[in-house]
Amino acid sequence: MSLSGSLLDIRPLRTSPVFRRLLIGRTVSLLGGFMTMVTVMYQVWDRTHSTTWTGAVGLAQALPLVGFGLFAGAWADRADRRRVYLAATVGQAVCSLALAVQGFTGHVPVAGVLLLVAVQSAFGALGAPAAGVFLPRLLPKDQVAAGLALQQVTGQSMMLLGPALAGVLLGWFGIGLCYLLDALSFGLAFYGAFGLPPLPPEGTPARPGLRGALDGLRFLAGHRVVRGALITDLAATVLSFPVSLFPLVNAERFGDDPRTLGLFLSALAVGGVAATALSGPLTRLARPGPVMLCASGGWGAALVLFGLSTSPWAGLALLVLAGAADATAVVARSTIVQTRTPDALLGRVTAAEQIVGQAGPSLGNVRGGLLAGWTSGVTALVAGGALCVLAVAAVATTTPELRDRKPPATEPAVS
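Residues numbered from 1 in each chain as written. Predicted model: local features only at pLDDT ≥ 70, side-chain atom pairs only at ≥ 80, totals over all residues. Heavy atoms only, no water.

Trainee: Provide a residue-level description of the overall build of the chain, including the pertinent values.
Mentor: If you tally the helices and strands in the chain, you get 19 helices and zero strands. Dimensions along the principal axes, computed over C-alpha positions, put the chain at roughly 55 × 55 × 45 Å. Burial analysis of the chain (415 residues in total) assigns 54% to the buried set. Counting contacts in the chain only where the partners sit at least 6 residues apart, residues at least 24 apart contribute 86% of the total. Entry remark: accessible area of the chain is about 17,500 Å², with carbon and sulfur atoms responsible for 70%. Taken together, the 28 basic and 18 acidic charged side chains of the chain have centroids lying 6 Å from each other. (Helix = DSSP H or I, 4+ residues; strand = E, 2+ residues; numbered from the N terminus. Buried < 20%, exposed > 50% of the residue type's maximum accessible area, 1.4 Å probe, protein only. Contact = heavy atoms within 4.5 Å. Areas by Shrake-Rupley, 256 points an atom, 1.4 Å probe, with all protein chains shown as cover. Lys, Arg positive; Asp, Glu negative; His and termini not counted. Charge placed at Lys NZ, Arg CZ, Asp CG, Glu CD.)

What follows is the structure in structure tokens.
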């Protein structure tokens, strides 16, 4: 296979100027978002020096997404998704401007800062289901996976760059500028989506309120392939998410060196970027089910071996492999969701995918911390990885459609 065939599939960038603008806007906005995440944490800690308050930052970000997500998905399945996304982007930008104002003035209490974070997260919960329909409506079916891989690699890159850039700017200019740059980044996201064609739902619009949300849940319960994809993601995160265990494992195995601890998360991100940059053969394969199952099992196996390793360099290499497997599984799972879900339901199913992606790691951190308290960090890590492998094997065994189903026929993109 040639080198170009092994690299990231960039056909969507060449064939769809609309997707290209969307990707640029999304990438810049993600950079601003990661900067704001670090800035909020820094501001709250600087004012309170309380881990309770810094923990509340995560709740302010997660609760609106979990509580509002399915209803936002039902709304997106009733309206023009382009307008919903643009409105959500404006709302997020206004929240960032408000954070910038309080950052420059310093007169807003910490609870007010968290309220702004929660409102911004609610607007994000509204925009995400609408954005979930963009790729399958703009790209041919055989390019959706490549488009998702492009989003994944740019997102992972911003996760590496954003916190580092925020740290530099916080030291030089303070919190106000970081929030202001995030607000300005939404301008590019708005520009990227403004050129979209109207994207009303194809088929019967969602019923309003709770009934529409329940229709989405009924689809998930009845569609074995999409349901299996989300269950696999829950198995990989709830049973084996390792981040809360890193400090304890570092102390038990690697001498409690803070430099090693700092490299753990970076290793996961490096693996994700590398795997996505070399994802061309897998996205062209057009078999996301087997790819997702193998990658999810690989994630669990890499964490088992990481828990058993005694060399810090071997441990970091295994975390790179785990990050690569995770990024591959995410692209494959999103491909399944976006190509197997009818357009009229895609907003709600995307919202459910977002909730799973948000809640799974949080529950996984809680599980890991509790089990480590009863046993040890290494035991919790190895047991979680092993349970993940077993759960993925169970999904593969009970859902043959996820293993074997052929990809749908290619459909034309929206012009």
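The structure having been displayed, the exposition proceeds.
Trainee: Let's hear about the pattern of salt bridges: which residues, and what values?
Mentor: Here the structure, examined in full by the defined rule, presents twelve salt bridges. Members of the salt-bridge network, linked through shared partners, are Asp77, Arg81, Arg137, Glu202, Asp343 and Arg348. (Salt bridge = Lys/Arg side-chain N within 4 Å of Asp/Glu carboxyl O.)

Trainee: Before we move on, could you go through a nonpolar patch on the surface and cite the residues and values that matter?
Mentor: Taken together, the side chains of Phe68, Phe71, Leu210, Leu214 and Leu217 make up a nonpolar region of the molecular surface, amounting to roughly 410 Å² of accessible area. Counting residues per element, the ones that place at least two in the nonpolar patch are helix H4 (51–76) and helix H10 (209–222). By residue number, the principal contributor to the nonpolar patch is H10, which donates three residues. Mapped onto the secondary structure, Phe71 falls in helix H4. (Patch = residues over 30% accessible without salt bridge, like charges linked within 9 Å, V, L, I, M, F, W, Y side chains within 5 Å.)

Trainee: Account for the state of the cysteines, with residues named and values stated.
Mentor: Taken as a whole, this structure holds zero disulfides when the rule is applied. Left without a disulfide partner, Cys294 is nearest to the cysteine sulfur of Cys388, which lies 13 Å away. With a relative accessible area of 60%, Cys294 lands in the exposed category. (Disulfide = S-S within 2.5 Å.)

Trainee: Break down helix H12 (residues 246–253) for me, with residues and values.
Mentor: Within H12, burial applies to Phe246, Val249 and Asn250. Each buried residue of H12 sits inside an arc of 100° when the element is viewed along its axis, so together they form one side. At the C-terminal side of H12, Gly255 shows a positive phi close to 75°. (Arc of directions from axis to C-beta.)

Trainee: Tell me about the packing of helix H16 (residues 312–340) against helix H17 (residues 343–374), residues and numbers included.
Mentor: At a minimum axis distance of 10 Å, the contact between H16 and H17 shows a crossing angle of 160°. In terms of orientation, H16 lies roughly antiparallel with respect to H17. The hand of the H16/H17 crossing is right-handed. Of the residues in H17, those touching H16 at Arg333, Ser334, Val337 and Gln338 are Leu346, Val349 and Glu353. When the residues that make up the contact of H16 with H17 are grouped by side-chain class, the tally is three nonpolar, two polar and two charged. (Axes fitted to C-alpha atoms, helices over the stretch in contact; angles between N-to-C directions. Parallel < 35°, antiparallel > 145°, perpendicular 65-115°, else oblique. Left-handed = near helix turned anticlockwise from the far one by under 90°. Nonpolar A, V, L, I, M, F, W, Y, C, P; charged D, E, K, R; others polar.)

Trainee: Please set out helix H8 (residues 141–173) residue by residue, giving values where relevant.
Mentor: Under the 1.5 Å per step criterion, the end-to-end length of H8 is 46 Å for 33 residues, consistent within 8% with the ideal 48 Å. Trailing H8 by a residue or two, Gly174 shows a phi angle of about 95°, which is positive. (Expected span 1.5 Å × (residues − 1).)

Trainee: Explain the packing of aromatic side chains residue by residue, including any values.
Mentor: On inspection of all chains with the given rule, the structure shows five aromatic pairs. Between Tyr85 and Phe134, the ring centres sit 5.3 Å apart and the planes meet at 80°, which makes this aromatic pair edge-to-face. You can see Tyr85 sitting in helix H5 (residues 81–105) and its partner Phe134 sitting in helix H7 (residues 134–138), a full 49 residues away along the chain. On the basis of relative accessibility, which here comes to 15%, the residue Tyr85 falls in the buried class. Ring centres of Phe264 and Phe306 lie 5.4 Å apart, and the angle between their planes is 85°; on these two criteria the pair is classed as edge-to-face. In this pair, Phe264 sits in helix H13 (residues 258–277) while Phe306 sits in helix H15 (residues 288–308), placing the two residues 42 residues apart along the sequence. For the pair shown, Phe264 and Phe306 are each scored as buried. (Phe/Tyr/Trp six-rings, centres within 6.5 Å; stacked < 30°, edge-to-face > 60°.)

Trainee: Pulling in residues and values, what's your account of the nonpolar core?
Mentor: Counting residues in hydrophobic clusters, the biggest one holds 41 residues, and the most contacted among them are Phe134 and Leu196. Setting aside its immediate chain neighbours within four residues, Leu196 contacts Val18, Leu22, Arg82, Phe134 and Leu138. In this structure, Ala302, Leu316, Val395 and Ala396 belong to the second largest nonpolar core, which totals 33 residues. (Core = buried A, V, L, I, M, F, W, Y, C linked by side-chain atoms within 4.5 Å.)

Trainee: So what about the environment of Phe264? Which residues, and what values?
Mentor: Here Phe264 falls in the buried class, since its relative accessible area comes to 0%. In sequence terms Phe264 and Leu319 are 55 residues apart; their C-alpha atoms lie 7.0 Å from each other. Not counting residues up to four positions away in its chain, the partners in contact with Phe264 are Phe246, Asn250, Phe254, Phe306, Leu316 and Leu319.

Trainee: Tell me about the UniProt feature "transmembrane region" (unreviewed entry) in the chain, residues and numbers included.
Mentor: The residues that UniProt annotates with the feature "transmembrane region" (unreviewed entry) are residues 21–45, 51–72, 160–191, 225–249, 261–278 and 371–396. Each end of residues 21–45 is marked by a C-alpha atom, and these two atoms are 37 Å apart; helix forms 100% of the span and strand 0%. The span residues 160–191 is 97% helical and 0% strand by assignment, and the distance between its end C-alpha atoms comes to 24 Å. (UniProt positions renumbered as here; feature names shortened; annotations may be inferred.)

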